[in-house]
Amino acid sequence: MDPAVWSQFIRENWLVIVIALVLLFAVINLVKTVLKWAIVIVIVVGLFIYSGVTLDQIGNAVNKVADGTVSTLKKEAQEVMLKEAQEATYTSGGDGSFTITTPNLEVKGAAGEDKVEVTFRGVSLGKWSITDTTKTFIDEARKNQ
């Protein structure tokens, strides 16, 4: 995914790219069915294959972006945990389960387990191991009960 490679590819294959773009705009403007999107996808995939970009490279790029996004959300959620611990509402279930809610977080878990399920601004971040940050958050929420 080196910019120099893309620049060289565009300089060498500008005519093919222009033809593909003209075909894309013609298909989008003329065809009004689901077939339109199938043709668009075929043209885009054809360009990627022609350029030498493999589906593995595309998948790797998507995975890197997804991992980076999840990592950023986790860091932000941990910071919010510390900030909103004073506002946390602790709700205990009869079976040892608990739910802690704040304006931006929801943490669900059970007593004795080493993992909790974290939802940040409506987006599930999955199950987290209980770290010092989450333990402090849970303890603070229990104090507010």
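Basis of the calculations
Residues numbered from 1 in each chain as written. Predicted model: local features only at pLDDT ≥ 70, side-chain atom pairs only at ≥ 80, totals over all residues. Heavy atoms only, no water. Helix = DSSP H or I, 4+ residues; strand = E, 2+ residues; numbered from the N terminus. Rg over C-alpha atoms; globule rule 2.2 N^0.38 Å. Buried < 20%, exposed > 50% of the residue type's maximum accessible area, 1.4 Å probe, protein only. Polar contact = N/O pair within 3.5 Å; in protein donor to acceptor, adjacent residues only side chain to side chain. Contact = heavy atoms within 4.5 Å.

Peer 1: What am I meant to see in the overall build of the chain here?
Peer 2: Helix and strand content of the chain: five helices and five strands. Reading the helices (α) and strands (β) of the chain from amino to carboxyl end gives α-α-α-α-β-β-β-β-β-α. Against the 2.2 N^0.38 benchmark of 15 Å for 145 residues, the chain shows a C-alpha radius of gyration of 25 Å, more extended than a compact globule. Its C-alpha atoms put the chain at 70 × 35 × 25 Å along the principal axes.

Peer 1: Any chance you could explain the side chain of threonine 102 here in plain terms?
Peer 2: Residue position: threonine 102 is located in the loop between strand S2 (97-101) and strand S3 (105-110). The class for threonine 102 is buried, based on a relative accessible area of 11%. A polar atom in the side chain of threonine 102 sits 2.6 Å from the side chain of glutamate 84. In contact with threonine 102, not counting residues within four places along its chain, are Glu84, Ala88 and Phe137.

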